Amino acid sequence: MLIRAKAPLRIGFAGGGTDVPPFPEREGGCVLSATINKYAYGTLQPTKDNQIHIESVDFNLTLDYKIQDQLIYDGKLDLVKAAIKKLEGQNSTGFQLFLCSDAPPGSGLGSSSSLMVIVVGLLKELRNLPLTDYEIAHLAYIIERKEVGIEGGLQDQYAATFGGWNFIEFQAKQVVVNPLRISQDIINELEHNLLLCYTGSTRLSAGIIEDQIKRYERGEEDNLVGLRRQKALAIEMKNLLLQRKLREFGELLHQAWEFKKKMSPRISDSRIDEIYETARRAGAIGGKLSGAGGGGFMFFYCEFEKKHQVAAVLKKLGCQISDFTFDFHGLQTWRIT
């Protein structure tokens, strides 16, 4: 018997950073995001040999443990080890775990959190645990942010678990996922006009997020302006989307990027600035990096008739254009014999 799982990656349109503590506890945060047809995948096969075998394609790592061994956090698949300790403990007779993703770690598409969600999903399925989607997302957050101590926000775990277009609100003790009912013609037009590209470099987001938190704690004006405007833009862009005003949506995407850069000087660099300005000169209305910043995937809203021109200039800068559609399913688990 095999247990399989997949969870989608996401692109964040506005509000990123307002989901990172302590901002949600103090001011309340919100994000507008959507999952796409790029995924993290996992397969779990129960065994009877009292061994845990973990293989990660993304990190090119294979680890083997005995059930009674203590799982040490040493920088090698610590997220997976933490999930096993949290959910499996000493109850297992052994299993093999295979993991891979459509995007590299540090891509800005939330791949590490999607990985965390599928590991929780696989272990939930193995043990028939009665966890709701909210509980899966919360548990993935606790393991990633609290247990392992990786700096970051809450949105990625909820986006990967629920899937689709969501307006997600973050308060001190509550997360509310509001699925958006967007008509198919608007979905088609967004897929038509949005261009996703890989900048050619990945980044570790923890340092950027740590810098953002420190600036917020110190009350730096640029950081406060950036975060509070991000929150307002998430609400405004959500409303424009539901009102079918896509040109204005694209224009606010440009604002979202400009204010995002105020949160930390580490979010952008000279290459990212060059990519963005080149795309704008070629006809992109707005765009931004997906994720914390520093590299990974960037996306742009264009008039469809100019999208090929934007793609052409980005390719000349060494970017890789990546086709995508939106995903509406979130975490999926299933069994095969």
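Everything here concerns the structure above.
Here is what the cut-offs are and how they apply
- Residues numbered from 1 in each chain as written.
- Predicted model: local features only at pLDDT ≥ 70, side-chain atom pairs only at ≥ 80, totals over all residues.
- Heavy atoms only, no water.
- Helix = DSSP H or I, 4+ residues; strand = E, 2+ residues; numbered from the N terminus.
- Rg over C-alpha atoms; globule rule 2.2 N^0.38 Å.
- Buried < 20%, exposed > 50% of the residue type's maximum accessible area, 1.4 Å probe, protein only.
- Contact = heavy atoms within 4.5 Å.
- Pairing = 2+ DSSP bridges.
- Axes fitted to C-alpha atoms, helices over the stretch in contact; angles between N-to-C directions.
- Left-handed = near helix turned anticlockwise from the far one by under 90°.
- Nonpolar A, V, L, I, M, F, W, Y, C, P; charged D, E, K, R; others polar.

Caption draft 1: Representation of the overall build of the protein chain. A tally of helices and strands in the protein chain yields 11 helices and 12 strands. Over its C-alpha atoms the protein chain spans a radius of gyration of 20 Å, differing by no more than 12% from the 20 Å that the globule rule assigns to 337 residues. Within the span of the protein chain, comprising 337 residues, buried residues form 56% of the whole. Taking the intrachain contacts of the protein chain between residues at least 6 apart in sequence as the baseline, contacts between residues at least 24 apart amount to 74%.

Caption draft 2: Spatial organisation of the pairing of strand 6 (residues 165-170). For strand 6, the tally of buried residues reaches 5 of 6 residues, placing the bulk of the element in the interior. Of the strand pairs in this sheet, strand 2 (residues 29-46) and strand 6 are connected by 6 bridges, and their pairing is antiparallel. Within the sheet, the bridge partner assigned to Cys30 lies in strand 6 and is Glu169. As paired strands, strand 6 and strand 7 (residues 175-179) are joined by 5 bridges and run antiparallel to one another.

Caption draft 3: Examining the side chain of Asn166 more closely. Among the secondary structure elements, Asn166 is positioned in strand 6. Judged by relative accessible area, which is 2%, Asn166 ranks as buried. Residue contacts for Asn166: discarding those within four places in its chain leaves Val31, Leu32, Ser33, Val177, Asn178, Pro179 and Leu180.

Caption draft 4: Geometry of the packing of helix 4 (residues 133-147) against helix 5 (residues 155-162). Across the interface, helix 4 lies against helix 5 with an axial gap of 9 Å and an inter-helix angle of 145°. When the axes of helix 4 and helix 5 are compared, the crossing they make is right-handed. For the pair helix 4 and helix 5, contact is made by Asp133, Tyr134, Ile136, Ala137, His138, Ala140, Tyr141, Glu144 and Arg145 and by Gln157, Tyr158, Thr161 and Phe162, respectively. Here the contact of helix 4 with helix 5 is composed, by residue class, of 7 nonpolar, 3 polar and 3 charged.

Caption draft 5: Inspection of the sheet that holds strand 8 (residues 194-198) at higher detail. An order of 9-10-8-11 is seen for the 4 strands of this open sheet, with the pairing classed as antiparallel. Looking at strand neighbours, the two that pair on one side only are strand 9 (284-289) and strand 11 (320-322), the edges of this open sheet. Strand-to-strand twist in this sheet, taken as the mean axis angle between neighbours without regard to direction, amounts to 30°. By the bridge criterion, 3 bridges tie strand 8 to strand 11 in an arrangement that is antiparallel. Bridge assignment links Leu196 to a residue of strand 11, and that residue is Ser322. Helix 9 (residues 246-260) rests against strand 9 and strand 10 (297-302) of the sheet, and its axis sits at about 40° to strand 9. Across the sheet, helix 10 (residues 270-281) lies against strand 9 and strand 10, angled at about 160° from strand 9, the strand it touches most.

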